Each structure stands twice: as structure tokens, then as C-alpha cells.
Amino acid sequence: MKETIRGLAYVVGDAVDTDQIIPAEHLVYSLKKPEERRLYGRYAMSGIPTNGQGLPRGGQPFTEPDAYKSPYTIIIAGGNFGCGSSREHAPFALREAGAEAVVAESFARIFYRNAVDGGFVVPFESTVRLIDRIRTGDKLELDTSSARLTNLTTGEEYMLHPLGEVADILKAGNVFEYARRAGLIAT
Amino acid sequence: MTLTEKILARHAGRNRVAPGDNIWIDVDILMTHDVCGPPTIDIFKREFGEDARVWDRDKVVVMPDHYIFTNNHHANRNIEVLRDFAQAQKLPHFYDVGTERYKGVCHIGLAEEGFNRPGSVLIGTDSHTCTSGAFGLFSTGVGNTDAALIMGTGRIWVKVPETMRFVFEGSLPPYLMAKDLILAVIGDIGCDGATYRAMEFDGEAVYDLSMQERMTLTNMAIEAGGKNGIIAPDEKTLAYVRARTEAPFEAVYGNPDARYRAEYTYDVSTMEPVVAKPHRPDNKATVSEVAGTRLDRAYVGSCTGGKLEDFEATARVLNGREVRIDTYIVPATTEVERAMHATIVDGESIYSIFEQAGCRIGPSSCAACLGGPSDTFGRTHGNEVVISTTNRNFPGRMGSKQASVYLASPLTVAASALTGVITDPRDVMEDVRRRGEVNENPFQRKP
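A brief report on the enclosed structure follows. Remember, predicted model here, so these are calculated numbers, not experimental data. (Residues numbered from 1 in each chain as written. Chains lettered and ligands numbered in written order. Predicted model: local features only at pLDDT ≥ 70, side-chain atom pairs only at ≥ 80, totals over all residues. Heavy atoms only, no water.)

### Describing the overall build of chain A
And step 1. Within chain A, the regular secondary structure consists of six helices and seven strands.
And step 2. The order of helices and strands in chain A, counted from the N terminus, is β-α-α-β-α-β-α-β-β-β-β-α-α.
And step 3. Relative to its length of 187 residues, chain A is compact, with a C-alpha radius of gyration of 16 Å against a globular reference of 16 Å.
And step 4. Its C-alpha atoms give chain A principal-axis dimensions of about 50 × 40 × 25 Å.
And step 5. In chain A, buried positions account for 63% of the 187 residues.
And step 6. Accessible area of chain A: about 7,000 Å², with a carbon and sulfur share of 47%.
And step 7. Looking at charge distribution, chain A has the averaged site of its 21 positive side-chain charges lying 4 Å from that of its 24 negative ones. (Helix = DSSP H or I, 4+ residues; strand = E, 2+ residues; numbered from the N terminus. Rg over C-alpha atoms; globule rule 2.2 N^0.38 Å. Buried < 20%, exposed > 50% of the residue type's maximum accessible area, 1.4 Å probe, protein only. Areas by Shrake-Rupley, 256 points an atom, 1.4 Å probe, with all protein chains shown as cover. Lys, Arg positive; Asp, Glu negative; His and termini not counted. Charge placed at Lys NZ, Arg CZ, Asp CG, Glu CD.)

This is the structure we're talking about:
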């Protein structure tokens, strides 16, 4: 996990479920083969209805139709982000598109766990409703150890809930490295 | 300790656990399918080696069910990945496509094949793995990484959840099904109302339900964000399990002094048929509030609403009549499909009632519940308005982002299929009205 994550904000609403993060029809591609896995970046967030894509304006796709990478690095979301299915393809797709962190009012449990255990994106919970204060395209800086989010475009600063005990897994890289270092599985 | 806490404590080798404890537990069954199995296998090989063996081949269950009847070559390739792995690992519990063993929807298949054993821990790479909790076990869905770790070690870390208790009292009226009860709960507490928590269902109305109907309750725990849904075992549970497996198990029960995060009590005798309106499972309305809403399609299927009793309920409404809108029927498993031929409702087999009513009947799989490849049976492609016995109605869930999906019980879906608009089952079921006078629910007395 990086100490500082910098990049553009992509803002979405409440209850963005895993079908919106990566529609089920795309779950057929290999997550290993490079020529297939990049398609997860192409279709990341493509299930969100058009008016919810990149708030407050909408109509701004996370990844352009012909691209494999997104220009956005930090996702700002409302409540219950990642609800729905257990597909690990969801945090994987965000990472494959180039996202590094999601700051949401709250997360659904399995998405949160997958984000952490696979080491795909850093999931922070906000203390206030950020989707009304941050606009898609704002420049953000996220300090992961102090849990501080700075909007470089507006100069506003927000304290987030600390990562707590899952920081150890994110620092290790994923749950396998964590378990090895903790002596829970043989190296 | 609650039932969930006691099962977790036993599987962690501890006398006691408390909500919030992070513990490592032993897994009794790991289940995976064609969507999450192949990436789980990739991670397992990456972390444990190309030639590594699974920790216990008798505890790994592979049930392909998602994208089975499709020409999508990536989807077909994923079945082959499972086949190769099952062969290389000599997995005894692989239910291969195109063979006599093929089951269909894993959560129902797990019950039918006797893998849902009271007191055990069952983890699956699917959010509806919580379904198995109807049998008094701890079951939850995980991602590929966690599943790969289990595959190699037989263990997983969990945070012990607080338990919310939902007590259903009274006698269930004949026009209600378990689907109405769980949609009411989700509507009341919201899609994140049980996040990180166990949902325990209790009360005489729950124990009056058959095992199939109990599975509908625990199945949708995830729709409220729950980590697991659970119902303490009773004689019906034990009879069902013993008829399907000789494997040993030990039923576990919560202590009388168990502490619950919250308790909710419902009197089922006064409840109404309900739907979840587009585009969230917690967007509750009574059927009477939305009655008359124009529909394009009805759908009966999935782990939630594709069990034999779901089709019995549907058939009782459709018997001798014709549907007014496209009506798709997808039995969850091949066992359900066979039983649809063998089960007679008011003098006709369920299967033939559907044929005569003009329904489209597809082969057992998850099918359009989650959209899937473009040639998936029953998938939406436009702005269809659908009423469905499935579990989720977020935008795009059944394929098209423009489609609108209402979730409802099989009785309500069947009644609506007959009229083409959302319809209260009481309006079309004279026989049900008759049975209502003696206050008898045909589902309650089933084993």
C-alpha cells in the first residue's frame, strides 16, 4: 500500500452494486491472461446508468469506450458501495482500470473483504457524505497512514476513518503474504 | 453465545468467542462454480504451486451453474478449466455439465446432495452461499482470494458478527410465502441493515415452513448486507439431511442467554404480499400499492425462487389458464426439473401446466437472474418491465440497464403473469381463497 495516493476523483452515488461495477456478462474473461484481463479495465463501472456515471454531472464513463485504463484514481462513493454479489472481479476490475482507492460512506462486507484480501484497492470509509462535496475530475491526495483526504482543487481536507486492523493485510500486499508473515501458512 | 457464535467458536477450537473477535476457523465445505472457480484455481496455483493439491478433496464441491447453456466461448472455456482441475485433483464432488451428475444452481444443489450439515462451516464463492444457513450451519460468500486460501489450507479468517434476531409469529396465510417475509424484512432494515451481522430467523411461523421455504429466508440475508443467515435445526432439518447424506454432523443450538444486537418481531397472519420495486431489493411496496403496473415479462427461477415448491405455487395459480405476458420458467436444478414432471397439482403435472399455460421453460442454471452472456435464456435486452422470483433488481442485474425488475413471491409472479399487470395473488386464486377460510397453508406441513 502506497503512503500517498494522488489522482483524479470519480464520484458515484449510493448502493453501487457489483453488477454496476462489472456487469455479469463480462465475468467470463480470464483474470490472468493479459489480453483478457485488460477487458476488466475497459468495462469497469460500465453497469452504472449513464446519469450516475461521474457525479454531479453524469454521462462521464469511468473508462472511455475504446480504452483499457481509466483516467481516475480515487473513487468517491455513497453508502453500501459494492453490495450484491461476491465477485472478486469487482475490486479487480477497478484496479485493472487503474484505480487505487475507494472512499465510500460505507461498504458492503464482501467487497470490502475482497478489496483488502486481494490487495486490489484501498477501501476507506468517510466520516461525512463526500459525494456532495467532491466533483468528478477534482484532483485528490490521499494520505493512507493518517487517513487524510485532501481535495487539491478546492483546498478542502477531510479526515477519514482509519483503516484499523486491515492495514496490516494491505501493507503486506494481500492475505497470503499477511498469513505467511504471521506464520499462519507455510512459506 | 448465539447459534452463529457457537459454531464459529467450535471451528476456531475455542470455548468462547464474542462479536468483533477476529478468528481463524476450519472450513468443512468449500463450494465454487464456473464464474469464480477458474480465477480461484489461478490464485491457488500462483500461491501454492502448479502441482499443489487441495487441502482435502472430499471437502471441495464444484457445481458449474452460471453460464452453462451459452455459445460464449470464454464461458465454455471456464467449464473446461473446472473439468481439468477436477480431473487433476481427483475431486469426487464435481457436477460436470453434460453428464448425469449435472445439478444446476449450486445453493440448491448443495442442499439436495447433503452438503448442508447442521453445525458445520460452509464457504462458497457466491454471495448467496448464505442460503445453506437454513440448515443450522454457518455459511457465507467470499471472493476468489479467500477461496484459494481455503483451497490450500482449509482455513479462513472471520470477524465474529453480531446477531440480529427476526422472530415470525402466527400462522402464515395461504397467499403469503417466505419470499414476502424476507422482502418485508429487507424493506424494513434496508440493503445495508445487516451489514457485518448474522441474521437469525426464529419463531413458530419459521418452524412451520418447509426446508425449501426456509432457504428462501436465509438466501436473501445478503440482500440486507448480512454475513450469514441462519435457522436453528429442528426435526424437519434433521430428516432432510439424514435422507441425503450419511456424513456425520452435530446440530448446534444457541444458548438461552445469547445476546442479540437487535430483535424484530413480525405477526405473519397480518402481513401482506409485497414486492421490491426497481432498482433496489429494499424498495418495498405492498402488492396492493403497485397493483395494475404494466408488465412485459414474468420470470420464475434462481436459487431464491426456482425450487420445486416455488413451481408448485406457480402451477397452482396457472393451472388451466394462459399467461398474458412472456413467462420464463427455469428450474434451479435437474432434480427440480425432474420433480416438475413427477409432481401433480390438481390433476396435472407441474411441467405440463406450464406448457399448457404458454410458458417458456429453460434448462436448469442461474440463467437470467444475473443477466449473463447475451444469449442467456430469459435475459433482458431492452426496457422490459419484469416481475421475478429472483433476488436482486439493481440496474442491469437481469441484463439490460434500461430494464425494470420487480421482485416478488412465486404466487404474486404467477398471478401477474395471468393478467399482464402486477396482481395480488388473492385476486386470481379462488382455491387459495377457499383454503384461506380454514386458514391452512399447503407449504407449512411439508417435510
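### Side note on the overall build of chain B
And step 1. Counting its regular elements, chain B contains 16 helices and 19 strands.
And step 2. For chain B, the C-alpha radius of gyration of 21 Å lies close to 22 Å, the compact-globule estimate for 447 residues.
And step 3. Reported as C-alpha extents along the three principal axes, the dimensions of chain B are approximately 60 × 55 × 40 Å.
And step 4. Counting the 447 residues in chain B, one finds 68% classified as buried.
And step 5. Taking all contacts inside chain B whose residues are at least 6 apart in sequence as the whole, residues at least 24 apart take part in 75%.
And step 6. Carbon and sulfur atoms form 43% of the exposed surface of chain B, whose accessible area is close to 14,700 Å².
And step 7. Treating the 48 positive side-chain charges of chain B as one cloud and the 60 negative ones as another, the clouds have centres 3 Å apart. (Contact = heavy atoms within 4.5 Å.)

### Brief notes about the sheet that holds strand β9 (residues 228-230) of chain B
All names here are of chain B.
And step 1. Spatially, β9-β8-β7-β10 is the arrangement adopted by the four strands of the open sheet, whose pairing is parallel. One side of each edge strand has no neighbouring strand; the edge strands of this open sheet are β9 and β10 (262-267). With direction set aside, neighbouring strand axes in the sheet form an average angle of 20 degrees.
And step 2. In this fold helix α1 (residues 3-11) packs onto β7 (162-169), β8 (197-202) and β9, with an angle of close to 110 degrees to the strand it touches most, β9. (Pairing = 2+ DSSP bridges. Axes fitted to C-alpha atoms, helices over the stretch in contact; angles between N-to-C directions.)

### Some words on the nonpolar core
And step 1. M45, F62, I75, I76, F81 and L94 of chain A together with F168 of chain B are the most contacted members of the largest nonpolar core, which has 171 residues in total.
And step 2. For this core, the element with the most residues is helix α6 (residues 178-189) of chain B, which contributes eight residues.
And step 3. Sequence-distant contacts of F81 of chain A, defined by excluding residues within four places in its chain, comprise V12, V16, I21, M45, I75, L94, V102, A104, S106, F107, A108 and F111 of chain A. (Core = buried A, V, L, I, M, F, W, Y, C linked by side-chain atoms within 4.5 Å.)

### Side note on the packing of aromatic side chains
The way to describe two aromatic rings as a pair is by their centre distance and the angle between their planes.
Residues and elements named next belong to chain A.
And step 1. Summed over all chains, the structure comprises 21 aromatic pairs over all chains.
And step 2. Between the aromatic rings of Y10 and F62, the centroid separation amounts to 4.9 Å while the plane-to-plane angle is 65 degrees, which identifies the pairing as edge-to-face. Of this pair, Y10 sits in strand β1 (residues 4-11) while F62 sits in the loop between α2 (34-43) and β2 (72-77), and the two are 52 residues apart along the sequence.
And step 3. Here Y10 falls in the buried class, since its relative accessible area comes to 0%. (Phe/Tyr/Trp six-rings, centres within 6.5 Å; stacked < 30°, edge-to-face > 60°.)

### Concerning the interface of chain A and chain B
And step 1. Contact residues are listed per partner, giving 47 residues for chain A and 49 residues for chain B.
And step 2. Both sides together, the interface formed by chain A and chain B hides about 3,800 Å², and carbon and sulfur atoms give 53% of it.
And step 3. For the chain A face of the interface with chain B, the top three residues by lost area are R109, R113 and F176 of chain A, together amounting to 20%.
And step 4. Summed over the shared surface of chain A and chain B, the number is six salt bridges.
And step 5. Among the salt bridges present, the one from R397 of chain B reaches D19 of chain A, with a minimum N-O distance of 3.0 Å.
And step 6. Counting across the interface, chain A meets chain B through 23 residue pairs in polar contact (both at pLDDT 80 or more). (Buried area = accessible area lost by both parts, 1.4 Å probe. Salt bridge = Lys/Arg side-chain N within 4 Å of Asp/Glu carboxyl O. Polar contact = N/O pair within 3.5 Å; in protein donor to acceptor, adjacent residues only side chain to side chain.)

### Some details on the pairing of strand β13 (residues 297-301) of chain B
Residue and element names in this part refer to chain B.
And step 1. Among the five residues that make up β13, five are buried, leaving the element largely enclosed by the rest of the structure.
And step 2. Neither face of β13 is exposed, since R297, Y299 and G301 on one face and A298 and V300 on the opposite face are all buried.
And step 3. Relative to strand β14 (residues 326-330), β13 runs parallel, the two sharing five bridges. Looking at β14, one finds that A298 is bridged to T327.
And step 4. Relative to strand β18 (residues 385-388), β13 runs parallel, the two being bridged by three bridges. Considered in β18, the bridge of A298 is made with I387.

### Things to note about the pattern of salt bridges
One side chain can pair with another of opposite charge once the charged atoms of both are near each other.
And step 1. Evaluated as defined, the whole model comprises 39 salt bridges over all chains.
And step 2. Between E100 of chain A and K2 of chain A there is a salt bridge; the shortest N-O distance is 2.8 Å. Placement of the pair is E100 of chain A in the loop between α3 (89-97) and β3 (101-104) and K2 of chain A in the segment before β1, with a sequence separation of 98 residues.
And step 3. By relative accessible area, which is 15% here, E100 of chain A ends up buried.
And step 4. Close ionic contact of E113 of chain B with K103 of chain B constitutes a salt bridge, the shortest N to O distance being 2.9 Å. Remark: K103 of chain B occurs in the loop between α3 (73-88) and α4 (106-112) and E113 of chain B occurs in the loop between α4 and β4 (121-124); sequence separation between them is 10 residues.

### Remarks on the environment of L163 of chain A
Residue and element names in this part refer to chain A.
And step 1. Tracing the sequence through the fold places L163 in the loop between β7 (157-159) and α5 (166-172).
And step 2. Distance in space between the C-alpha atoms of L163 and A147 is 7.6 Å, their sequence separation being 16 residues.
And step 3. Setting aside chain neighbours within four positions, we find L163 in contact with M1, Y112, V122, P123, F124, T144 and L170.

### So, the pairing of β7 of chain B
Residue and element names in this part refer to chain B.
And step 1. Counting buried positions along β7 yields six of eight residues, so the element is predominantly enclosed.
And step 2. Pairing geometry for β7 and β8, over six bridges, is parallel. The residue bridging R165 from the neighbouring strand is E200, located in β8.
And step 3. Across six bridges, the pairing between β7 and β10 is parallel. Each residue of the ladder has a partner; that of R165, found in β10, is E263.

### Quick look at the side chain of S85 of chain A
And step 1. Examined against the element boundaries, S85 of chain A turns out to sit in the loop between β2 and α3.
And step 2. Here the side chain of S85 of chain A touches R87 of chain A through a polar contact of 2.6 Å, side chain to side chain.

### Observations regarding helix α12 (residues 308-318) of chain B
All names here are of chain B.
And step 1. The buried fraction of α12 is high, at 11 of 11 residues.
And step 2. Residues of α12 that are buried include every one of L308, E309, D310, F311, E312, A313, T314, A315, R316, V317 and L318, and no others.
And step 3. Directly after α12, the chain includes G320, whose backbone phi takes a positive value near 80 degrees.

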